[in-house]
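Read off the chains here:
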Amino acid sequence: MCHYCHLTSKERFIASALFRRGYSMSFIAKLFNRSKSTISREFRRNSNPRTHRYDPQAAQKKYEQRRKKCRHPKILLSNSTLLLKIKDKFLNHQWSPEQIVGRMKQEGVPCVSCRTIYRAIYAHLFDEPGTERRAARKLRHRGKRRHTKRYEEKRGKFKVIHPLAERPEIANQRRRIGDWEADTVMGKGGKFCLVTLVDRMSRYLLCGRSPARTTEEVGAVMLQCLKNQPIYTITADRGSEFAGYEALEKVMVGVTFYFPPPRHPQDRGTNENTNGLLREYFPKGTDLSKYTEEDIRKAINELNHRPRKCLGYRTPYEVYYQRMLHLI
């Protein structure tokens, strides 16, 4: 926190009078309870460059002019074309302000800072006219709390052959395509769910809908999603839907399942984060059976074409397929 306080007009007149009478800058600084460098800088910056004389009235005018320049302009998004581009990516494609700015810089498109976009959001510049729905609700977490430290995972427990500690170092360091993290996203009533698979290196998402969160149904969706895809390892959570992983290992020859310790979602952070992004399209409490396959594909396509800061503002699609797209 900054405790610096600017000199007032009255202090400038007093400082000028004392300095002319021969008082030192140290004395003036102690009198005003300021740093000596503050007084020294005041005289050095605001004295006449020709006569080297300090005029408190002229110094006050210079100070007021500088203050106007250092403040944020009220209308930084006055460019209507730029505003529409940013608004479209934020409202219709769920890009974060940081993703918007990072991608625009990468493509050489003039842009403002992400702080400016956040200020515009909270100043209601992006709110939909005629509705009470605020654009700030489009932000990722919306102020929701996470689980507390005392939260205990109560889902099914099963025997794990390969703990996460045994996962190859190349997979830990995200140095190849084909190391996946797996989880499920639940819908209303605990019936239909989305099976999500995220590549650790590229953050590329594969997703399919399962009519039930059972070992058989989830396993079938995983096999369908990973068909013809590069695959070496799968890191899944300890939900009962993954209890049949040994049968999947036999079908997917050469693939090994790894499981983190209980209550360690951070060990599958890539997948957990992607599931949170997917909730922007399928909020908690919604019935997943009401969505069409086209709706699901569209949401997946949006996420795979959204730039990520961790990828240098490239998209998961670009990293996974080694292609460069034009998105802005």
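Everything below is about the structure shown above.
Residues numbered from 1 in each chain as written. Predicted model: local features only at pLDDT ≥ 70, side-chain atom pairs only at ≥ 80, totals over all residues. Heavy atoms only, no water.

**Concerning the overall build of the protein chain**
From N to C terminus, the protein chain includes 13 helices and 5 strands. Residues classed as buried in the protein chain amount to 41% of the 328 residues present. The contacts of the protein chain with a sequence gap of at least 6 include a subset with a gap of at least 24, amounting to 60%. (Helix = DSSP H or I, 4+ residues; strand = E, 2+ residues; numbered from the N terminus. Buried < 20%, exposed > 50% of the residue type's maximum accessible area, 1.4 Å probe, protein only. Contact = heavy atoms within 4.5 Å.)

**Overview of the pattern of salt bridges**
One pass over the structure, following the stated rule, counts 13 salt bridges. Between Arg176 and Asp179 there is a salt bridge whose closest N-O contact spans 2.8 Å. Residue Asp179 is classed as buried on the basis of its relative accessible area, which comes to 0%. Notably, a salt bridge pairs Arg268 with Asp183, separated by 3.7 Å at the nearest N-O pair. Of this pair, Arg268 sits in the loop between strand S5 (256–258) and helix H11 (269–278) while Asp183 is found in strand S1 (residues 179–186), placing the two residues 85 residues apart along the sequence. Across the pair, exposure class does not vary: Arg268 and Asp183 are buried alike. A network of salt bridges, in which partner residues are shared, links Arg103, Glu107 and Glu318. (Salt bridge = Lys/Arg side-chain N within 4 Å of Asp/Glu carboxyl O.)

**Brief notes about the pairing of strand S3 (residues 205–210)**
Across the 6 residues that make up S3, a large majority, 6, are buried. Side chains Leu205, Cys207 and Arg209 project from S3 onto one buried face, and the interleaved Leu206, Gly208 and Ser210 project onto a second face that is buried too. Note: strand S2 (residues 193–199) against S3, 6 bridges, orientation antiparallel. Paired with Leu194 across the two strands is Arg209, which belongs to S3. The loop that links S2 with its antiparallel partner S3 comprises 5 residues; one of these, Arg203, has a positive phi angle of about 65°. (Pairing = 2+ DSSP bridges.)

**Topic: the packing of helix H2 (residues 25–32) against helix H3 (residues 36–46)**
Each packed pair of helices is defined by two parameters, the angle between the axes and the distance between the axes. In contact at an axis separation of 8 Å, H2 and H3 are set at 115° when each is read in the N-to-C sense. Taken as a pair, H2 and H3 cross one another with a handedness that is right-handed. In contact with Met25, Ser26, Ile28, Ala29 and Phe32 of H2, H3 contributes Lys36, Ile39, Ser40 and Phe43. Broken down by class, the residue content of the contact of H2 with H3 amounts to 6 nonpolar, 2 polar and 1 charged. (Axes fitted to C-alpha atoms, helices over the stretch in contact; angles between N-to-C directions. Left-handed = near helix turned anticlockwise from the far one by under 90°. Nonpolar A, V, L, I, M, F, W, Y, C, P; charged D, E, K, R; others polar.)

**Section: a nonpolar patch on the surface**
A grouping of Ile14, Tyr23, Phe27 and Leu31 is seen on the molecular surface, where their side chains present a nonpolar patch of about 360 Å² in accessible area. By the element assignment, Phe27 lies in helix H2. With relative accessibility at 40%, the residue Phe27 sits in the partly exposed group. (Patch = residues over 30% accessible without salt bridge, like charges linked within 9 Å, V, L, I, M, F, W, Y side chains within 5 Å. Areas by Shrake-Rupley, 256 points an atom, 1.4 Å probe, with all protein chains shown as cover.)

**Details of the pairing of strand S4 (residues 233–236)**
By the alternation rule, side chains of S4 split into Thr233 and Thr235 and Ile234 and Ala236, which are all buried. Relative to S4, S1 runs parallel, the two sharing 4 bridges. For Trp180, the partnering residue across the bridge sits in S4 and is Ile234. Pairing of S4 with S5, which is carried by 3 bridges, proceeds in the parallel orientation. Looking across to S5, one finds that Thr235 is bridged to Tyr258. Note on the crossover from S4 through helix H10 (residues 245–251) to S5: the handedness is right-handed. (Right-handed = clockwise from strand over helix to strand, strands pointing away.)

**Here we look at the nonpolar core**
Ranked by size, the top nonpolar core spans 24 residues in total, and within it Trp180, Leu197, Met222, Leu226, Ile234, Met252 and Phe257 carry the most contacts. Elements represented by at least two residues in this core include exactly S1, S2, helix H9 (215–225), S4, H10 and helix H13 (316–321). In terms of residue count, H9 provides more of this core than any other element does, 4 residues in total. (Core = buried A, V, L, I, M, F, W, Y, C linked by side-chain atoms within 4.5 Å.)

**Re the environment of Leu288**
As for its position among the elements, Leu288 is in the loop between H11 and helix H12 (293–304). Spatially, the C-alpha atom of Leu288 lies 9.9 Å from that of Gly190, the residues being 98 residues apart in sequence. Those residues within four positions of Leu288 in sequence are excluded, and the remaining contacts are Val185, Met186, Gly187, Phe192, Cys193, Leu194, Arg209 and Phe282.

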